[in-house]
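# Overview (structure and organization)
This is what each chain is made of:
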Amino acid sequence: MIGDRRIRVSVNGTAYEVGVEPRTTLVDFLRADLGLTGTHVGCEHGVCGACTVLVDGLAVRSCLMLAVQADGSEITTVEGLEGPEGELHPIQEAFLEEHGLQCGFCTPGFLMATYEMLTDDPKPDEDEIMEVLGGQICRCTGYQGIRRAVDCAIDKLGGTRPADVFGAGGPEGPDAPDAPDADPVGADGAGEGSAR
Amino acid sequence: MKPAPLDHAAPTTVGEAVALLNDPEREAVALAGGQSLMPMLNLRLARPDLLVDLTRVEGLDHIRESAGWIEMGAMATKRAVERSSLVRERQPMWHEATLQIGHPQIRNRGTVGGSMAQADPAAEYPAAAVALGAEVRAVGPSGERTIPATEFFLGYLTTALAPGEILTEVRVPVIPPGRGWAFREVCRRHGDFAMAGTAVTVDLDASGRCTATRIALFGVGPVPARAVEAEKIVDGEAPGEEIFERAGRAAAGAIDEPLADVHASADYRRHLAAVLTGRALAQAATRAGRPEGS
Ligand SMILES: Cc1cc2nc3c(=O)[nH]c(=O)nc-3n(C[C@H](O)[C@H](O)[C@H](O)COP(=O)(O)OP(=O)(O)OC[C@H]3O[C@@H](n4cnc5c(N)ncnc54)[C@H](O)[C@@H]3O)c2cc1C
Ligand code: FES
Ligand code: FES
């Protein structure tokens, strides 16, 4: 038995200092330890993209990273997209309006990958868009709706950085406030959302 | 919890990392970007006792030019390489190869050293390294050594790295003015591993004939391999469709036993190798004759 390691991470602006077993993947940590079940887990070997989150602003597979490796990082998950009153982010609204989701299993990954892309380049060209979307798999909507949703998101944002939509302080925003230490949900508190 | 129980160490120096890897008590494995190793851990195809995480080791993520070489630290991510204007301008084939590797979401973490050490037969970097005459630097308990790419890939997923050695740097010669290059592959979907691919450089001599041609095929055999017979067919000849097609067929014909899987039969891979090599030679020769803006 290998003992827990203490790690400090900021997830959606909330700071956590918690112990994790070294073999815990970041996605399992987010879902099971923190109860943030918005990030989905599918293939667990990097192919589907359902688990995509932002680590220090970069869209990465959270199934291919250990939680201990995230020590010191800022993580943004789909839960971090909403506004202060629980409003949907324009990227989420765009997916809703353009039928960019059906069952929603793949959606958190598509949203986070799109978020990184539009942070990087508010007006990506067709090749860039297709390359990023190509790294995410959807098994039911059909990709046309998703493709249109990206255009719609670009329009809605109108050049605003995705992090600045709800004013500075959004995820990855320049002035993200240091939230107080929060007690993480215990490992067994993940019951309701952990169906795979 | 997918991986079997394991311990994780995050050394900050190469020396510490090498010492951890050579711990006689534990089976230790280096962890770079995890884009190949983590799937193996999650599927429990690998069950090491200890992961020696290289992420925090200092001095392993540079991308710089020195004396005609582009030097990339083993832990430089593919995303960093893709965004490096130095690589794009001075080593455009390496840049092009980078863009063919997975998706941005994979390149954000996957590293240069990881792709070389993984030595997937369908991977882009190993083939580009063989075609370009790259070198690999490694540090082990008995010090540092330099291994030419042509001697680095020994077999399917097998390299010349000793178990306790760490790959520290990949160095690739810059493309000199006048050298044409091409990097082409076919895969089911952009970002997937190639079913077949080819990396080619061609120089033109004063009389406009091809010289110093280098062809490396990937995705067709257990390791990226130079197509020496095909190179000989091209050298000394004026660029032309007929000669390039012949060389392509020779390159494909020399593949011992092409890989075969659900995605592509051996015959299809051989066919792709021939066609891609012919086209790559033509593209490289055109670029050689037109160094500006090539
Ligand atoms: C969805 C998906 C698509 C992909 N598509 C492609 C593709 O099209 N083309 C392609 O080439 N690759 C592709 N890959 C693989 C990706 O490029 C990996 O990043 C790469 O193969 C390994 O690099 P890494 O840094 O992730 O290494 P890791 O996964 O961390 O390590 C891989 C292996 O190399 C060893 N290793 C790593 N670094 C060192 C070092 N410095 N010294 C000694 N040993 C070391 C590790 O011990 C391990 O055995 C894909 C991966 C995924 C998940
Ligand atoms: S669950 Fe991580 S990529 Fe599929
Ligand atoms: S909406 Fe069902 S998998 Fe994409």
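Being a predicted model, the structure only gives us computed values, none of them experimental.

Thresholds applied
- Residues numbered from 1 in each chain as written.
- Chains lettered and ligands numbered in written order.
- Predicted model: local features only at pLDDT ≥ 70, side-chain atom pairs only at ≥ 80, totals over all residues.
- Heavy atoms only, no water.
- Buried < 20%, exposed > 50% of the residue type's maximum accessible area, 1.4 Å probe, protein only.
- Helix = DSSP H or I, 4+ residues; strand = E, 2+ residues; numbered from the N terminus.
- Pairing = 2+ DSSP bridges.
- Contact = heavy atoms within 4.5 Å.
- Buried area = accessible area lost by both parts, 1.4 Å probe.
- Salt bridge = Lys/Arg side-chain N within 4 Å of Asp/Glu carboxyl O.
- Near = heavy atom within 4 Å.
- Polar contact = N/O pair within 3.5 Å; in protein donor to acceptor, adjacent residues only side chain to side chain.
- Expected span 1.5 Å × (residues − 1).
- Axes fitted to C-alpha atoms, helices over the stretch in contact; angles between N-to-C directions.
- Parallel < 35°, antiparallel > 145°, perpendicular 65-115°, else oblique.
- Left-handed = near helix turned anticlockwise from the far one by under 90°.
- Domains from an automatic or database assignment.
- Nonpolar A, V, L, I, M, F, W, Y, C, P; charged D, E, K, R; others polar.

## Here we look at the pairing of strand S12 (residues 196-204) of chain B
Side-chain direction in a regular strand flips from residue to residue, so the side chains alternate between the two faces of the sheet. All names here are of chain B. Of all nine residues making up S12, eight are buried, and the element is well covered by its neighbours. In this structure, strand S11 (residues 179-186) lies alongside S12, joined through eight bridges in antiparallel fashion. Looking at the pairing, Val 186 lines up with Ala 196 of S12. Relative to strand S13 (residues 210-218), S12 is paired through seven bridges, and the arrangement is antiparallel. Across the sheet, residue Thr 201 finds its bridge partner in S13, namely Arg 214. Following S12, the chain reverses through five residues before pairing antiparallel with S13; Gly 208 in that reversal takes a positive phi of roughly 85 degrees.

## Some points on the interface of chain A and chain B
Chain A puts 31 residues into the contact, and the matching count from chain B is 34 residues. Taken together, the two surfaces of chain A and chain B that pack against each other cover about 2800 Å², and 51% of this comes from carbon and sulfur. Contact with chain B buries surface across chain A, with Arg 23, Leu 64 and Glu 131 of chain A losing the most and accounting together for 26% of the total. Applying the counting criterion to the chain A and chain B interface returns six salt bridges. Glu 131 of chain A is the partner of Arg 107 of chain B in a salt bridge, and the nearest nitrogen-oxygen pair spans 3.1 Å.

## Quick word on the environment of Phe 166 of chain A
All names here are of chain A. As for its position among the elements, Phe 166 is in the segment after helix H5 (143-157). Taking the C-alpha atoms as reference points, Phe 166 and Thr 76, separated by 90 residues in sequence, lie 15 Å from one another. Once residues lying within four places of it in the same chain are set aside, the contact partners of Phe 166 are Leu 81, Glu 82, Gly 83, Pro 84, Glu 87, Leu 88, His 89 and Pro 90.

## Here's the deal with the side chain of Ser 10 of chain A
All names here are of chain A. Relative to the elements of secondary structure, Ser 10 occurs in strand S1 (residues 5-11). Using a relative accessible area of 18% as the deciding quantity, one classes Ser 10 as buried. Residues in contact with Ser 10, not counting those within four places in the same chain, are Ala 15, Ser 73, Glu 74 and Ile 75.

## Brief notes about the site of ligand 1
As a structural note, the neighbourhood of ligand 1 is formed by 33 residues, with Ala 30, Gln 35, Leu 37, Thr 111 and Glu 124 of chain B the closest of them. Mapping the residues near ligand 1 onto chains gives chains A and B. At 2.8 Å, a backbone N or O of Ala 32 of chain B approaches an oxygen atom of ligand 1. At a separation of 2.8 Å, an oxygen atom of ligand 1 approaches a polar backbone atom of Gly 33 of chain B.

## Observations regarding helix H3 (residues 107-120) of chain A
All names here are of chain A. Spanning 14 residues, H3 covers 20 Å between terminal C-alpha atoms, matching the ideal 20 Å at 1.5 Å per step. Taking burial as the measure, the 14 residues of H3 include twelve buried ones, the bulk of the element. Of the residues making up H3, those classed as buried are Thr 107, Pro 108, Gly 109, Phe 110, Leu 111, Met 112, Ala 113, Thr 114, Tyr 115, Glu 116, Met 117 and Leu 118.

## Overview of the sheet that holds S12 of chain B
Taken together, four strands build an open sheet; the order of strands is S11-S12-S13-S14 (chain B) and the sheet is antiparallel. Looking at which strands have only one partner, the edges of the open sheet turn out to be S11 and strand S14 (225-226) of chain B.

## Overview of the packing of helix H5 (residues 92-99) of chain B against helix H8 (residues 124-132) of chain B
Residue and element names in this part refer to chain B. Contact geometry of H5 with H8 gives a least axis separation of 9 Å together with a crossing angle of 165 degrees. The angle between the axes of H5 and H8 places the two elements in the roughly antiparallel class. Judged by the sense of rotation from one axis to the other, the crossing of H5 with H8 is right-handed. Contacts between H5 and H8 involve Met 93, Trp 94, Ala 97 and Thr 98 from the first element and Glu 124, Tyr 125, Ala 128, Ala 129 and Leu 132 from the second.

## Re the domain arrangement of chain B
Residues and elements named next belong to chain B. When cut into domains, chain B gives domain 1 (7-53), domain 2 (68-173) and domain 3 (180-288). Each of domain 1 and domain 2 has a C-alpha centre, and the two are 19 Å apart. In this assembly, ten residues from domain 1 lie in contact with 15 residues from domain 2. With both chains or domains summed, domain 1 and domain 2 bury close to 960 Å², and 70% of this area falls on carbon and sulfur atoms. If you sort the residues of domain 1 by the area they bury against domain 2, Val 18, Ala 32 and Gln 35 come out on top, with a joint share of 43%. The tally of links between domain 1 and domain 2 comes to zero salt bridges. The interface formed by domain 1 and domain 2 includes one residue pair in polar contact (both at pLDDT 80 or more). The element best represented in the side of domain 1 that touches domain 2 is helix H1 (residues 14-21), accounting for four residues. Considering only residue class, the side of domain 1 that touches domain 2 consists of six nonpolar, four polar and no charged.

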